[in-house]
Amino acid sequence: MCHESLQKDYMLLGVAAQPDTECFGIPLQIFRELGFEKLVLQIGRGLVRPEPCTFGDFTLEVFQYKDSIAEEIQRADLVISHAGSCLETLGAGKPLLVVVNDQLMDNHQLELARQLHRDGHLYYCTCKTLADTMKSMDLSALKPFLPGKTEEFAIFMDRIVGLEKVD
Amino acid sequence: GGHTTEILRLMESLSPCYNPRHYVIAETDTMSKDKICCLEVSRKYKYAEQEYTIHKIPRSREVHQSWSSTLLTTLHSLLYSGPLVFTLKPDLILCNGPGTCVPLCISALLLGVLGIKRILIVYVESICRVEKLSLSGKILYYLSDYFLVQWPNLKEKYPRSIYLGRVV
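Reading the values: the criteria
Residues numbered from 1 in each chain as written. Chains lettered and ligands numbered in written order. Predicted model: local features only at pLDDT ≥ 70, side-chain atom pairs only at ≥ 80, totals over all residues. Heavy atoms only, no water. Helix = DSSP H or I, 4+ residues; strand = E, 2+ residues; numbered from the N terminus. Expected span 1.5 Å × (residues − 1). Buried < 20%, exposed > 50% of the residue type's maximum accessible area, 1.4 Å probe, protein only. Pairing = 2+ DSSP bridges. Contact = heavy atoms within 4.5 Å. Axes fitted to C-alpha atoms, helices over the stretch in contact; angles between N-to-C directions. Phe/Tyr/Trp six-rings, centres within 6.5 Å; stacked < 30°, edge-to-face > 60°.

Peer 1: Explanation requested: helix α4 (residues 101–113) of chain B in the structure shown.
Peer 2: An α-helical turn contains 3.6 residues, so any two residues separated by three or four positions project in the same direction. Residues and elements named next belong to chain B. Here α4 contains 13 residues, and its C-alpha end-to-end distance of 18 Å stays within 8% of the 18 Å for a straight helix at 1.5 Å per residue. Considered for burial, the residues of α4 that qualify are Cys101, Val102, Pro103, Leu104, Cys105, Ser107, Ala108 and Leu111. Immediately downstream of α4, the backbone of Gly115 shows phi near 75 degrees, a positive value.

Following this line, the structure appears as structure tokens:
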């Protein structure tokens, strides 16, 4: 059940949480224990379609697609996602937990997620270890991901095409 | 989508001298056009007299496509990219990995071989490629003039490549 839900287009923007409802094999209880109040779910082409709901202090929002998820990322305190959203999330300076679908072996985006994990920029887990990782991870230990040096590229290009810089 | 985002970040950094710009995208790509237009509109605010055009060519290969059919679809793409490159005669081709770039670069090389024009080919491998090159990368590693990688592991494995650090 768990891996079906955590498909390619699945992303959680966790904020804080509540009780007994099972969500994709992960009890929302976990979010509550960790102090989240809201969970925003992008289900994409996912087979599981939970209903949005509110109980007590906790809210579950659900959407399929948005033109831009940048706003949702900005609002989040934690993003849980497949490997494809790494750069956008890290670029926004948000803590990221990447869930690897171990059923989908042929995914080169995993290489990037693994490297960024090695470099301390994000956490990384499988469907099965998601709950445990969420409980044990320390978001403050994540290192900021600095933007790429596009100006180095521009300087390089100008040099190879023969554009002289006039100072 | 990933390729487009990356190449547009690179494009943003380039001076207004790189003009006019011709973007070549796969026929089946519906999202890139909007992203390109967005960037170009902001460039128009920054710089005067900027021109750009978007061209579409058939995709040379779908993910997991078989080799025998890839040969056919690549030849099909060449039928479009060849005339495009011959007509435009660009000074520079900048590409970053989607299948569309291989027939374009082959066409550019052909122009050089025929003595018509020497086109500079710059390939920037995707930031997602940390340990292994993409298929386009493996092909263009030998065919490009400058081959950029964004992770040190790749620089070690492919000594002919250029490593400037992460540029995207």
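Peer 1: Hey, could you run me through the sheet that holds strand β6 (residues 162–163) of chain B in this one?
Peer 2: Hydrogen bonds between backbone groups are what pair the strands of a sheet, and the pairing can be parallel or antiparallel. Pairing in this open sheet of four strands is parallel, and the strands run β3-β4-β5-β6 (chain B) from one edge to the other. Edge strands, defined here as strands with exactly one partner in the open sheet, are β3 (92–95) and β6 of chain B. The strands touched by helix α7 (residues 150–161) of chain A within the sheet are β3, β4 (120–124), β5 (146–149) and β6 of chain B, with β4 of chain B carrying the most contacts at an inclination of about 165 degrees. Strands in contact with helix α5 (residues 135–143) of chain B are β3, β4 and β5 of chain B; relative to β4 of chain B, the strand with the most contacts, it is inclined by about 145 degrees.

Peer 1: What is the right way to look at the packing of aromatic side chains in this model?
Peer 2: Given two aromatic rings, one states the distance between the centres and the angle between the planes to describe the pair. All names here are of chain B. Scanning the entire structure with this criterion turns up six aromatic pairs over all chains. Plain terms: the ring middles of Tyr141 and Tyr142 are 4.9 Å apart, the flat faces sit at 75 degrees to each other, and that makes the pair edge-to-face. Residue Tyr141 is classed as buried on the basis of its relative accessible area, which comes to 6%. With relative accessibility at 62%, the residue Tyr142 sits in the exposed group. With a centroid separation of 5.1 Å and 70 degrees between ring planes, the pair formed by Tyr141 and Tyr158 is classed as edge-to-face. Of this pair, Tyr141 sits in helix α5 while Tyr158 sits in the loop between α6 (152–157) and β6, and the two are 17 residues apart along the sequence. Of the two residues, Tyr141 and Tyr158, neither departs from the other in class, the shared state being buried. What links up through ring pairs into an aromatic cluster is the set Tyr123, Tyr141, Tyr142, Phe147 and Tyr158.

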